[in-house]
Amino acid sequence: KKHKFWETQPVGQFRDLGDTSLPEGPIEQPTPLSEVKQEPYNLPSPYEWTTCDIDNEDTCIEVYNLLTNNYVEDDENMFRFNYSREFLRWALRPPGYFKSWHIGVRVKVSKKLVAFITGVPARIRVRDDVVKMTEINFLCVHKKLRSKRLAPVMIKEVTRRVHLENIWQAAYTAGVVIPTPIATCQYWHRSLNPKKLIDVGFSRLGARMTMSRTIKLYKLPESTTTPGFRKMELRDVPAVTRLLRNYLSQFAVAPDFDENDVEHWLLPKENVVDSYLVESPDTREITDFCSFYTLPSSILGNQNYSTLKAAYSYYNVSTQTPLLQLINDALIVAKHNDYDVFNALDIMHNESILKELKFGPGDGQLHYYLYNYRMSNALKPSELGLVLL
Ligand SMILES: COc1cccc(CC(=N)NC(=O)c2cccnc2OC2CCNCC2)c1
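If you're wondering where the values come from, they're calculated on a predicted model, not measured in any experiment.

(A) Local environment of the overall build of the protein. Scanning the protein from N- to C-terminus turns up 9 helices and 19 strands. Relative to the 2.2 N^0.38 estimate, which gives 21 Å for 389 residues, the radius of gyration of the protein is 21 Å and therefore close to what a compact globule would have. In terms of overall dimensions, the protein has C-alpha extents of about 60 × 50 × 45 Å along its principal axes. Taking all 389 residues of the protein together, the buried fraction comes to 54%. Summarising the internal contacts of the protein: among those between residues at least 6 apart in sequence, 75% fall at separations of at least 24. As displayed, the protein offers around 18300 Å² of accessible surface, 50% of which is attributable to carbon and sulfur atoms. Computed over 47 positive and 46 negative side-chain charges, the separation of the two mean positions in the protein equals 6 Å.

Here it is in structure tokens:
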């Protein structure tokens, strides 16, 4: 039976698609905190819950190793996400985070960490509704424990702990279709190091193309082209917050960032997140912004390389500089910092610049989901202003 678990959850159900009589918004009302299950869900007997304190170096290493060996792979199992430890500490400790939402599963006898799931708080606007949500991520079950139905109980446990903090909605993404996507996005890749990408099988040499012709095709200038283009600094947080809030207001679903959020999520952090802005040379005004995060992938089974250095488009705002020129400058910076590939989803205004900047379509889709919040119709990717890590 397909979706046995998801048909028991307060999410949009496939059978309700097209039923426009169902109102957009929360599916279930909050329950009084006294009625939320106080004790953890039962795990199969060999396993126990653990809260992963990622400030503890040893625990952070355990989480890193579990994800490095067991997290998401591409459809052809040639690559696996390889989130760094500093990235995980950044992703899991935003303003107002709860350690209790960093949930692990250990083998009672050996104490080995064999599964993980996380939530972080986020204020997300859905049309005119700003909703306190949790962003769910890093659901990972050790390869040897798959099909033991651990994922449903982990999802129920993180939901229970989120309910205890009086939060009733969640946002998450997946490469698979489960009830029911609020948007389905395509991912695109822009080669920066085509020789390596072809060598590791990420890309293929185009028909009637030589390697030297391919290298020439993706060549980028040594330096950025936009006057006033520079790294974001702490002093820019108020202006970037204003710019970003204004820009994101046009999308149906987007984060409701305040200055604290912008300081955490967008201030440059080496090997984690890069952010640049355009400060108009004459007015000194900040008119544009672009950012990408660093998510390497392990290359599974290649003699010459073990890691693919990938940049993922994050939040970009173009008000004076054409988006094409802004993202081209982001590509130039990424190439200069030895990234092999620059990835983007076709969300926000990205679709308009992908082909011209020589992005190629990826071989998969990324589906966005809301928990306990119904949307009458799926959104077009261009209506989505939310990037999850
Ligand atoms: C290249 O190495 C890979 C290793 C594992 C999976 C994939 C394919 C894939 N599933 N890609 C994406 O989900 C993706 C493609 C473009 C932009 N963001 C993405 O995912 C982000 C956001 C969701 N959480 C993972 C990172 C590629």
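Following the structure, the description resumes.
(B) Molecular detail of the pairing of strand S7 (residues 169-174). Of all 6 residues making up S7, 5 are buried, and the element is well covered by its neighbours. As defined by bridge partners, strand S6 (residues 129-141) adjoins S7 across 3 bridges and the pair is classed as parallel. Looking at S7, one finds that Thr134 is bridged to Ala170. For the handedness criterion, the β-α-β arrangement of S6, helix H3 (residues 150-164) and S7 is classed as right-handed. Note that S7 and strand S18 (residues 359-371) share 5 bridges and pair antiparallel. Note that in S18 the partner of Ala174 across the bridge is His367.

(C) Structural context of the layout of surface pockets. Of the pockets and cavities examined, the second largest pocket occupies roughly 440 Å³. Breaking the lining of the second largest pocket down by element, the ones donating at least two residues are helix H2 (85-92), strand S5 (113-126), S6 and helix H7 (259-266). The class makeup of the residues in the lining of the second largest pocket is 21 nonpolar, 6 polar and 6 charged.

(D) Local environment of the sheet that holds strand S3 (residues 79-81). In spatial order, the strands read S3-S13-S14; together these 3 strands make up an open sheet with antiparallel pairing. For this open sheet the edge positions go to S3 and strand S14 (307-308), each flanked by a neighbour on one side alone. As judged from the 3 bridges shared by S3 and strand S13 (residues 297-299), these two strands associate in the antiparallel manner. Paired with Arg80 across the strands is Ser298, a residue of S13. Its contacts with the sheet put helix H1 (residues 57-70) on S3 and S13, and the angle it makes with S3 is roughly 150°.

(E) Examining the side chain of Thr226 more closely. Within the fold, Thr226 resides in the loop between helix H5 (211-217) and strand S9 (229-231). Only 2.5 Å separates the side chain of Thr226 from the side chain of Asp329, close enough to count as a polar contact. The residues touching Thr226, leaving out its near neighbours within four places in the chain, are Val278, Thr321, Gln325 and Asp329.

(F) Quick look at the side chain of Ser313. Its place among the elements puts Ser313 in strand S15 (residues 310-313). For Ser313, the side chain forms a polar contact with the side chain of Asn316, separated by 3.0 Å.

(G) Spotlight on the packing of aromatic side chains. Applying the stated criterion across every chain, the model contains 25 aromatic pairs. Look at Phe98 and Trp101: their rings are 4.5 Å apart centre to centre, the planes differ by 35°, and that puts the pair in the tilted class. A relative accessible area of 24% places Phe98 in the partly exposed class. Among the aromatic side chains, those forming a connected cluster through ring pairs are Tyr71, Phe81, Tyr83, Phe87, Trp90, Phe138, Phe257, Trp265, Tyr293, Tyr312, Tyr314 and Tyr315. Taking NZ or CZ as reference, Lys37 lies 4.9 Å from the ring centre of Tyr41, over its face. Lys309 extends its terminal NZ or CZ atom over the ring of Tyr339, reaching a point 4.4 Å from the ring centre.

Procedures and definitions
- Residues numbered from 1 in each chain as written.
- Predicted model: local features only at pLDDT ≥ 70, side-chain atom pairs only at ≥ 80, totals over all residues.
- Heavy atoms only, no water.
- Helix = DSSP H or I, 4+ residues; strand = E, 2+ residues; numbered from the N terminus.
- Rg over C-alpha atoms; globule rule 2.2 N^0.38 Å.
- Buried < 20%, exposed > 50% of the residue type's maximum accessible area, 1.4 Å probe, protein only.
- Contact = heavy atoms within 4.5 Å.
- Areas by Shrake-Rupley, 256 points an atom, 1.4 Å probe, with all protein chains shown as cover.
- Lys, Arg positive; Asp, Glu negative; His and termini not counted.
- Charge placed at Lys NZ, Arg CZ, Asp CG, Glu CD.
- Pairing = 2+ DSSP bridges.
- Right-handed = clockwise from strand over helix to strand, strands pointing away.
- 1 Å grid on protein atoms, 1.4 Å probe; cavity = no way out; pocket = protein on both sides within 12 Å on 5 of 7 lines; lining within 4 Å.
- Points joined across faces, edges and corners; volume = space filled by probe spheres on them.
- Nonpolar A, V, L, I, M, F, W, Y, C, P; charged D, E, K, R; others polar.
- Axes fitted to C-alpha atoms, helices over the stretch in contact; angles between N-to-C directions.
- Polar contact = N/O pair within 3.5 Å; in protein donor to acceptor, adjacent residues only side chain to side chain.
- Phe/Tyr/Trp six-rings, centres within 6.5 Å; stacked < 30°, edge-to-face > 60°.
- Lys NZ or Arg CZ within 6 Å of the ring centre and 35° of its normal.

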